[in-house]
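As a plain string of letters, each chain reads:
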Amino acid sequence: MRPPLKWAGGKRSLVERIVGLLPSDYAERRYHEPFFGGGAVFFHIAPVGGSINDVNPRLINFYRMVRDRPEELIEEASRYRYDDEEYYARRSRFNSPGLSDVEDAALFLYLNKTAYNGLYRVNSRGEFNVPFGRYENPKIVSKRSLMRTSELLRKVDIRCGDFTYVLDVVRRGDVCYLDPPYHPASETANFTDYSAEGFGMEDQERLRDLCVRLDEVGVVFVLSNSDTEAIRDLYSGCEGLSFHSFITRRMISSKVSSRNSGHDLLITNSV
Ligand SMILES: C[S@@+](CC[C@H](N)C(=O)[O-])C[C@H]1O[C@@H](n2cnc3c(N)ncnc32)[C@H](O)[C@@H]1O
């Protein structure tokens, strides 16, 4: 299934490799994705149950509205037109208080399809500030695919918060894919602005500790990150993990200079 949103750091190009590391019966297991973003792996797998989570409340409101009130969301978003004047009016509406959950989700979808590079970026006051993007006839609402997405999302618990929640919900035999904001591979490639708070080395350490716990509980996990010395060092003391490195072209920054290729690292306890 195609993900409904574009998302920076989206894993569409790595999906096959990630799924290839999972046990062959992964489709029948409960699946958890604590750093959901655009959920490329989740939509590829279309799991039978489990949980998804992201720290971004407006992203999560979007998925909840797709799940719970898809017709209203589609009706609202279908009213929005693609042109720069309307874009800036909708963007300022999105930044104003008092929106209903449905309007918030419809604006989120509209901005995702029409903002420059499909980026989601907020300033220190939490205001969405991405400029208008130029596209050839962008499709803002795909009714059929949103209805199918709604059906799939009804199978999972949708959370909004820190990734550590997952320890409270996993059971032995579950599968978990973890895709945190990447540790910066270089000074110019430090895109971690999904939220105003960022994701630093202390968070990477908390995540490593969580992976150790998941392994103890008997959960099969795959984690992606940039292939840096710091990340390899962080996991080097953990037993029973395997490391898989791939070259990928990164398209996460609006700066042309940092759209270069880098190495992605997949770390897993699956054998
Ligand atoms: C690399 S993106 C995930 C991309 C996703 N795999 C995809 O295919 O689109 C990382 C996500 O983690 C979220 N995030 C950042 N800090 C977090 C935290 N402490 N707990 C949970 N999610 C967090 C960000 O909002 C962002 O959506």
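Going by the structure above, here's the rest.
(A) Structural context of the pattern of salt bridges. For the structure shown, the criterion picks out 17 salt bridges. For arginine 93, the salt bridge is made with glutamate 103, and the minimal N-O distance between the two is 2.6 Å. Highlighted residues: arginine 93 in helix 5 (residues 84-94) and glutamate 103 in helix 6 (residues 101-114), separated in sequence by 10 residues. On the basis of relative accessibility, which here comes to 37%, the residue arginine 93 falls in the partly exposed class. Where salt bridges share partners, they join Asp162, Asp203 and Arg206 into one cluster.

(B) Structural view of the state of the cysteines. Inspection of the entire model under this criterion finds zero disulfides. Cysteine 160 forms no disulfide, and the closest cysteine sulfur to it belongs to cysteine 176, at a distance of 17 Å. Residue classification places cysteine 160 among the partly exposed positions, given a relative accessible area of 36%. Not engaged in a disulfide, the cysteine cysteine 211 finds its nearest cysteine sulfur in cysteine 176; these two sulfurs lie 7.5 Å apart. Using a relative accessible area of 2% as the deciding quantity, one classes cysteine 211 as buried.

(C) Fine view of the site of the ligand. Around the ligand there are 23 residues in total, and Trp7, Gly38, Asp54, Asp162 and Asp179 lie nearest to it. The separation between an oxygen atom of the ligand and a polar side-chain atom of aspartate 54 is 2.6 Å. Contact with the protein chains removes 97% of the 610 Å² of surface that the ligand exposes when unbound. Of the residues that constitute the shell around the ligand, the class distribution is 11 nonpolar, seven polar and five charged.

(D) Quick look at the pairing of strand 4 (residues 175-178). What you see with strand 4 is no split at all: Val175 and Tyr177 on one side and Cys176 and Leu178 on the other are buried throughout. Summarising the sheet, strand 4 and strand 5 (residues 220-226) pair through four bridges and their orientation is parallel. The residue bridging cysteine 176 from the neighbouring strand is phenylalanine 221, located in strand 5.

(E) Seen up close, the packing of aromatic side chains. For the structure on display, the rule yields 21 aromatic pairs. Aromatic pair phenylalanine 62 and tyrosine 63: ring centres 5.4 Å apart, planes at 65 degrees, arrangement edge-to-face. Of the two residues examined, phenylalanine 62 and tyrosine 63, each falls in the buried class. On the basis of an interplanar angle of 45 degrees and a centroid distance of 5.4 Å, the ring pair of tyrosine 120 and phenylalanine 128 is categorised as tilted. Each member of the aromatic cluster is reached from another via a ring pair, and the members are Trp7, Tyr31, Phe36, Phe42, Phe43, Phe62, Tyr63, Phe94, Phe108, Tyr120 and Phe128. Looking at arginine 58, its charged tip hangs above the ring of phenylalanine 94, at a distance of 3.5 Å from the centre.

The rules behind the values
Residues numbered from 1 in each chain as written. Predicted model: local features only at pLDDT ≥ 70, side-chain atom pairs only at ≥ 80, totals over all residues. Heavy atoms only, no water. Salt bridge = Lys/Arg side-chain N within 4 Å of Asp/Glu carboxyl O. Helix = DSSP H or I, 4+ residues; strand = E, 2+ residues; numbered from the N terminus. Buried < 20%, exposed > 50% of the residue type's maximum accessible area, 1.4 Å probe, protein only. Disulfide = S-S within 2.5 Å. Near = heavy atom within 4 Å. Polar contact = N/O pair within 3.5 Å; in protein donor to acceptor, adjacent residues only side chain to side chain. Areas by Shrake-Rupley, 256 points an atom, 1.4 Å probe, with all protein chains shown as cover. Nonpolar A, V, L, I, M, F, W, Y, C, P; charged D, E, K, R; others polar. Pairing = 2+ DSSP bridges. Phe/Tyr/Trp six-rings, centres within 6.5 Å; stacked < 30°, edge-to-face > 60°. Lys NZ or Arg CZ within 6 Å of the ring centre and 35° of its normal.

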